[in-house]
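Descriptive structure summary
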Amino acid sequence: MNTRGQDSLSKSDDVRLVARALKGDRKAFEMIVRKYEQPLTSYLGRMTGEREAALDFAQEIFLKVYCSLGSYRPAYKFSTWLFKIASNHLIDHWRKKKIPTVSLDQPVDGDDDALLPQVADPGPSVVRKLELAEIRQKIERALATIPEALRELFVLRHVNEFSYEEIADIKGLPVGTVKNRVFQAKELLRERMEGS
Amino acid sequence: MTTCPRPGDLYLYLEGGLGPYKARALEEHVERCAGCREALAERRLLHEAFTTLPPFEVPPDFAASVMAGLPEPEEIRSGWLGPLVASAASLVVGLLGFNLLTGAGLSDVLLACGRLVGSAAAGLLPFAAKCFKIAAILARASADLAAMLFEAAGTGFRTVGPWGVALVLGLGGAGLLLALFGARRHLSQGEEP
């Protein structure tokens, strides 16, 4: 989620905080919560589309994390572990609610390249004249309309700033597939913005 | 690059993830192709928007509310406490179940359990004592054997004298070396020279 130097510093900080929390230091776990509350709710907010639901989910996920701290292995990045739990929590929720999900094992709308047309015929540019703020608003609206499997990878990449390798770890997918899906998500967003 | 790049390559280029050779080829192509120039400009703007999406606002008391909902620290230390409590609880449930099914009083159940444990101990203790006795006999026999060997060696050395000892040691060493080299040669058979 950061540069390499910050990464290793943050990783050792997290490992220390987890060790202290495991010894019963609640303050250490509170520091973990404060550090990750915003990235986690930003992710959950984009995935659920509702602020209140995102906060409820975040609370449940932090409880889950606290109860399974003993199973965290310091060899892995804490943030990757946390987001893996969050992602599984969302999948469980959608399964219980029977909300149709798009499997990441299957291509969305046909093969992987179906959404990646050649750009020789780009069509009229729709975003050039828009200001960045307006574009961001459109992105937020368009995000809610794309399949959650693509949305999740897009959010992990651009909102949470995970590397493709870290996302591959979180989702248990090959790096190439993750890259392809993120590009698909971006192109879908572009198409939806064009249509809005 | 003769053909127009795919959007994935444009995004990868904007993220700095395209290799230097491919990046230069893409730049050269974009200079020549107006359509791709426009596509790249559009993706550049989008990319900037994608990477600057605002974070969600979290209420200032969120962390406190998370902490208030957590169990006590003892509850997450499930090392031995959990199984211990679970086994004690299952024992109590078992005793109560037995009491309800047979109608025997709780004291009868406890007495029966005590008798069972006592009879098991009565069977096991003589067996453990026999094992201990056999182990003691074996230890004494091996100690006697070692003492006998040392004594025999001392007597032998005294009989043959220092020259004899030197001869025996020399022959023994040579035999050992021969055995070692022989084993090495045997093990290295079939390997590449």
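Keep in mind that this is a model prediction, so the values were computed, not measured. (Residues numbered from 1 in each chain as written. Chains lettered and ligands numbered in written order. Predicted model: local features only at pLDDT ≥ 70, side-chain atom pairs only at ≥ 80, totals over all residues.)

With that settled, the discussion passes to the overall build of chain B. What chain B contains, in helices and strands, is seven helices and zero strands. The order of α-helices and β-strands along chain B, N terminus first, is α-α-α-α-α-α-α. Burial statistics for chain B: of 193 residues in total, 12% are counted as buried. Taking contacts inside chain B between residues at least 6 apart in sequence as the whole, the part at least 24 apart equals 51%. (Helix = DSSP H or I, 4+ residues; strand = E, 2+ residues; numbered from the N terminus. Buried ≥ 20, exposed ≤ 12 C-beta atoms within 10 Å, placed from the backbone. Contact = placed C-beta atoms within 7 Å.)

With that out of the way, let us pick up the overall build of chain A. Counting its secondary structure elements, chain A contains eight helices and zero strands. Element order for chain A, N to C, with α for helix and β for strand: α-α-α-α-α-α-α-α. Counting across all 196 residues of chain A, residues that qualify as buried make up 37%.

On to the packing of helix α4 (residues 78-97) of chain A against helix α7 (residues 164-171) of chain A. Two numbers describe a pair of packed helices, the interaxial angle and the distance between the axes. All names here are of chain A. Two numbers describe how α4 lies on α7: the axes approach to 8 Å, and their chain directions differ by 45°. With respect to their mutual orientation, α4 and α7 come out oblique. Viewed along their axes, α4 and α7 form a crossing whose handedness is right-handed. Here T80, F83, K84 and S87 of α4 lie close against α7, whose contacting residues are E166, D169, I170 and K171. (Axes fitted to C-alpha atoms, helices over the stretch in contact; angles between N-to-C directions. Parallel < 35°, antiparallel > 145°, perpendicular 65-115°, else oblique. Left-handed = near helix turned anticlockwise from the far one by under 90°.)

A positive phi angle is found at E161 of chain A, which is not glycine, with a value near 55°. Inspection of the secondary structure puts E161 of chain A in the loop between α6 (148-159) and α7.

Residues and elements named next belong to chain A. One way to put it is that helix α3 (residues 51-67) packs onto α4 with a least axis distance of 10 Å and a crossing angle of 125°. In terms of their interaxial angle, α3 and α4 are classed as oblique. For the element pair α3 and α4, the recorded crossing hand is right-handed. Mapping the contact onto sequence places F57, E60, I61, K64 and V65 in α3 and L82, I85, A86 and H89 in α4. Residue composition of the contact of α3 with α4, grouped by class: six nonpolar, one polar and two charged. (Nonpolar A, V, L, I, M, F, W, Y, C, P; charged D, E, K, R; others polar.)

Here we take up the interface of chain B and chain A. How big an interface is tends to be expressed through the accessible area that disappears when the partners come together. Facing the 33 residues of chain B at the interface are 40 residues of chain A. Looking at the side of chain B that touches chain A, the elements with two or more residues in it are α1 (7-14), α3 (34-50), α4 (62-68) and α5 (73-76) of chain B. No other element matches α3 of chain B, which puts 11 residues into the side of chain B that touches chain A.

Let us now look at the confidence of the model for chain B. All names here are of chain B. Put simply, chain B has an average pLDDT of 84, and 90% of its residues get 70 or more. The secondary structure element of chain B with the lowest average pLDDT is α5, at 56, and the one with the highest is α4, at 94. Under the prediction, the complex receives an ipTM of 0.75, its pTM being 0.60. (pLDDT = per-residue confidence, 0-100.)

Another point: the nonpolar core. Judged by nonpolar contacts, the single largest core of 61 residues is most densely connected at Y43, L44, A58, L153, L156, A185 and L189 of chain A. When residues no more than four places from it in sequence are discounted, the contact partners of L189 of chain A are I139, A142, L143 and I146 of chain A. (Core = buried A, V, L, I, M, F, W, Y, C linked by C-beta atoms within 7 Å.)

Time to look at the confidence of the model for chain A. All names here are of chain A. This prediction gives chain A a mean pLDDT of 82; 77% of its residues lie at or above 70. Per-element mean pLDDT across chain A ranges from 76 in helix α1 (residues 4-22) up to 95 in α7. Predicted confidence is poor over residues 104-124, with pLDDT under 50, and the contacts of this stretch with residues over four places away or in other chains come to 36 contacts.

In this section: α7 of chain A. One turn of the α-helix equals 3.6 residues, which is why residues spaced by three or four share an orientation. Residues and elements named next belong to chain A. Buried within α7 we find E166, I167 and I170. Around the axis of α7, the buried residues are gathered within 100° of arc, so they sit on the same side. On its buried face, α7 sits against α4, α6 and α8 (175-195). Just downstream of α7 lies G172, where phi reads positive at about 65°. (Arc of directions from axis to C-beta.)

Here helix α5 (residues 132-143) of chain A contains 12 residues, and its C-alpha end-to-end distance of 16 Å stays within 8% of the 16 Å for a straight helix at 1.5 Å per residue. Inspection of α5 of chain A places K138, I139, A142 and L143 of chain A among the buried residues, and these make up the whole buried set. Projection of α5 of chain A onto a plane perpendicular to its axis shows the buried side chains occupying an angular sector of 135°, all on one side. In α5 of chain A, the exposed residues that point more than 90 degrees away from the buried face are A133 and E134 of chain A. Elements in contact with the buried residues of α5 of chain A: α2 (26-48), α6 and α8 of chain A together with α3 of chain B. (Expected span 1.5 Å × (residues − 1).)

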